[in-house]
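Observations on the three-dimensional arrangement
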Amino acid sequence: MKSLNKRFKSSLLLYNIVLYVYFIAIRIAALFNSKAQQWIAGRKNLLQKIQQEFDQTQRIENGKHKKIIWLHAASLGEFEQGRPIMEAIKRQYPDCLLVLTFFSPSGYNIRKNYTVADYVYYLPLDSRRNAQQFIEAIQPDIVVFVKYEFWYYYFEVLHQRNIPIFIISAIFRPQQHFFKWYGSLFRALLQYCEHIFVQNEESLQLLQKIGIHKVSIAGDTRLDRVFDHSESISTIPIIEAFKGNHVLWVAGSTWPKDEEILADFLHKSESIHRSPSAVRRLIIAPHEIGEKHLQQIENLFKDKSIRYSSCDEQTDFQDVQVLIIDNIGLLSGIYIYGEYVYIGGGFGAGIHNTMEAAVFGRPIFFGPNYRKFQEAIDLIEVGAAYPIEGVEDFILKVAKLEQNKTLYKNAAEASRQYVLRNKGGSEVILKKLDIYLTK
């Protein structure tokens, strides 16, 4: 027992050192990086702001206390996983107060005006003092953390106050610190959770092996969101005009390496296959839409590209091959127009959201760094998605689909069916949350 306690204290000391180093690194990065600057600026006097803005009197109506639900998402992707839960809670409990927090600027900046939430904040950096002040200010009745966020002091304070913690859309792997000899600190956080909803069987079994039994498989809640969204898609006239009668590729959330691959793909594949079917048009929706990045994309395609903001329904696209989406929020409604989809991020830290494309039944391509994403693994297994190592591999795999209509049709159908077969996780989670929201 003494050795376990000593190991826990050592883990906590290391955790605090890592947090301190991270904070110092962010401050240094803020000297030249805009995201780091936003991270720092967004947390300046944040606790005082929350204490002033969050009005506890709002939770009392006709002598009754409204429920306060706090949902935390690291960034935009996790927000999309939490979104169907938040919206379902608000539909069923319209009088509740919903607090949404983000860790990263990319999530906060885009969703800070999300109307379903009553309050949207950055999450103050994890420390005992910050956790105590934040939780004292909002006094949540239940807390939902999405996917990967495990902050020791927040979990500890919530546990001490008997506030139930739920994790949704989680994925666990053997190499994570929860399952290592030095992972006692993080295993304790799992013990603090009232219930953990995981995406797959492997995660369930891993948790059970270390004594965590309040676990259920609920899949990825984004499937519910993308399905609902796909049922209410509006037409986009500019996209329709650009597509015309051409084969259209839609590349979503791309990074520079993705864009280089796509430019090389268009050039080489059309040099090899000089036929009408090889004349493709491409829509690129980059992950970052800063002016510098947009200019880099334009340089790749030279005079063959045009920005969406420069177009209207009368634009002549005859000599244009690439349409660059230079705004946020349009991408999910564009996938329906493409015959093929490329998802960015696979040559970097990891791919972005494949579900927004899969719901429309499209073959999907992405780079090699996809293994942390269960849905990508599943889509590959059912023949709906194709990982690529480089441009030559890309050309060969696309050629097989273009030359075999049955293979293309099967890939597209497998993509759509994956979403239909696996949606419904939000309902599983809400049944559990209802028990606590009706107390």
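Residues numbered from 1 in each chain as written. Predicted model: local features only at pLDDT ≥ 70, side-chain atom pairs only at ≥ 80, totals over all residues. Heavy atoms only, no water.

**Things to note about the packing of helix H4 (residues 76-92) against helix H18 (residues 425-437)**
Rules: Angles here are taken between N-to-C directions and fall from 0 to 180 degrees, while the axes themselves are lines fitted to C-alpha atoms, restricted in helices to the stretch in contact. Starting at the N terminus, helices and strands are each numbered in turn, a helix being any DSSP run of H or I of at least four residues and a strand any DSSP run of E of at least two. The labels follow the angle: roughly parallel below 35 degrees, roughly antiparallel above 145, roughly perpendicular from 65 to 115, and oblique for the rest. Here a crossing is called left-handed whenever its near helix is offset anticlockwise from the far helix by less than a right angle, and right-handed whenever the offset is clockwise. Working rule for contacts: check all heavy atoms of both residues, and any pair within 4.5 Å makes them a contact. Residues are grouped as follows: nonpolar covers Ala, Val, Leu, Ile, Met, Phe, Trp, Tyr, Cys and Pro; charged covers Asp, Glu, Lys and Arg; every other residue, Gly included, is treated as polar.
Two elements in contact, H4 and H18, have axes separated by 10 Å at closest approach and are oriented at 50°. The angle between the axes of H4 and H18 places the two elements in the oblique class. For H4 against H18, the interelement crossing comes out right-handed. Here Pro84, Ile85, Ala88, Ile89 and Gln92 of H4 lie close against H18, whose contacting residues are Ser426, Ile429, Leu430, Leu433, Asp434 and Leu437. In terms of residue class, the contact of H4 with H18 is made up of 8 nonpolar, 2 polar and 1 charged.

**Focus: the confidence of the model for the protein chain**
Just so we agree on the cut-off: pLDDT runs from 0 to 100 and stands for how confident the predictor is about each residue.
For the protein chain, per-residue confidence averages 91 on the pLDDT scale, and residues scoring 70 or more make up 96% of the total. Note on residues 272-278: pLDDT is under 50 here. Beyond four places in sequence and across chains, it has 6 contacts.

**Points about a nonpolar patch on the surface**
What counts is decided by this rule: For patch detection, residues must exceed 30% relative accessible area and be free of salt bridges, and they are connected within 9 Å for like charges or within 5 Å for nonpolar side chains (Val, Leu, Ile, Met, Phe, Trp, Tyr). Each accessible area is a Shrake-Rupley result for a 1.4 Å probe, and residues are judged covered by the shown protein chains and nothing else. Any Lys or Arg side-chain nitrogen located within 4 Å of an Asp or Glu carboxyl oxygen qualifies as a salt bridge. Exposure classes here rest on a 1.4 Å probe applied to the protein chains alone. A residue is buried below 20% of its type maximum, exposed above 50%, and partly exposed in between.
Together, Leu13, Leu14, Ile17, Val18, Tyr20, Val21, Ile24, Ile28, Leu31 and Phe32 line one region of the surface with nonpolar side chains, adding up to about 1,100 Å² of accessible area. With respect to the helices and strands, the residue isoleucine 24 is situated in helix H1 (residues 2-29). Among the residues examined, isoleucine 24 registers a relative accessible area of 33% and is labelled partly exposed.

**Here we look at the pairing of strand S11 (residues 280-286)**
Each regular strand carries side chains that alternate between the two faces of the sheet. Basically, it comes down to this: Two strands qualify as a pair provided DSSP detects at least 2 bridges between them.
Most of S11 is tucked away, with 7 of its 7 residues classed as buried. The two faces of S11 match: Arg280, Leu282, Ile284 and Pro286 on one face and Arg281, Ile283 and Ala285 on the other face are all buried. As judged from the 7 bridges shared by strand S10 (residues 247-254) and S11, these two strands associate in the parallel manner. In the sheet register, leucine 248 faces S11, and the bridge partner there is arginine 281. Across 3 bridges, the pairing between S11 and strand S13 (residues 322-324) is parallel. Looking across to S13, one finds that isoleucine 283 is bridged to leucine 323.

**Brief notes about the sheet that holds strand S12 (residues 305-307)**
Strand order across the open sheet formed by 7 strands is S12-S13-S11-S10-S14-S15-S16, with parallel pairing between neighbours. Each edge of the open sheet carries a strand with a single partner, namely S12 and strand S16 (385-387). For this sheet, the mean angle separating the axes of adjacent strands, direction not counted, is 20°. In terms of strand pairing, strand S15 (residues 364-366) meets S16 through 3 bridges, oriented parallel. In the sheet register, isoleucine 364 faces S16, and the bridge partner there is alanine 385.

**Some points on the packing of aromatic side chains**
Quick note on the threshold: Under the pairing criterion, centres of Phe, Tyr and Trp rings, with the six-membered ring standing for Trp, must be within 6.5 Å; the plane angle then separates stacked pairs below 30 degrees from edge-to-face pairs above 60, leaving the rest tilted. Criterion for a charge above a ring: Lys NZ or Arg CZ within 6 Å of the ring centre, and within 35 degrees of the ring normal.
Within the structure shown, the criterion is met by 39 aromatic pairs. The interplanar angle of 80° and the centroid separation of 5.4 Å between the aromatic rings of phenylalanine 242 and phenylalanine 317 together place this pair among those described as edge-to-face. Taken together, the positions of phenylalanine 242 in helix H11 (residues 237-243) and phenylalanine 317 in the loop between S12 and S13 put the pair 75 residues apart, joining distant regions of the chain. The residues phenylalanine 242 and phenylalanine 317 share a single accessibility class, namely buried. Ring centres of phenylalanine 265 and phenylalanine 394 lie 4.2 Å apart, and the angle between their planes is 25°; this geometry places the pair in the stacked category. A residue pair is termed long-range when its members are at least 10 positions apart, and phenylalanine 265 in helix H12 (residues 256-272) and phenylalanine 394 in helix H16 (residues 391-403) qualify at 129 residues. Phenylalanine 394 carries the same exposure label as phenylalanine 265, and that label is buried. The ring of phenylalanine 103 has arginine 43 lying over it, and the distance from NZ or CZ to the ring centre is 5.2 Å. We note lysine 423 situated over the ring of phenylalanine 227; from NZ or CZ to the ring centre the distance is 4.5 Å.

**Some thoughts on the nonpolar core**
Where we set the bar: Only buried residues count toward a nonpolar core, which is a set of Ala, Val, Leu, Ile, Met, Phe, Trp, Tyr and Cys residues joined through side-chain atoms within 4.5 Å.
Judged by nonpolar contacts, the single largest core of 84 residues is most densely connected at Trp70, Phe172, Ile196 and Leu433. A total of 6 residues in this core trace back to one element, the largest contributor, which is helix H7 (residues 152-160). Once you skip the residues sitting within four places of it in the chain, leucine 433 turns out to touch Ile85, Ile89, Ile142, Val144 and Phe166. If you look at the next biggest cluster of nonpolar residues, it comprises 42 residues, including Leu248, Phe366, Phe373 and Tyr418.

**Remarks on the environment of asparagine 353**
Relative to the assigned elements, asparagine 353 resides in the loop between strand S14 (340-343) and helix H14 (355-358). As for asparagine 353 and valine 341, which are separated by 12 residues in sequence, their C-alpha atoms are 12 Å apart. In contact with asparagine 353, not counting residues within four places along its chain, are Arg222, Tyr335 and Ile343.

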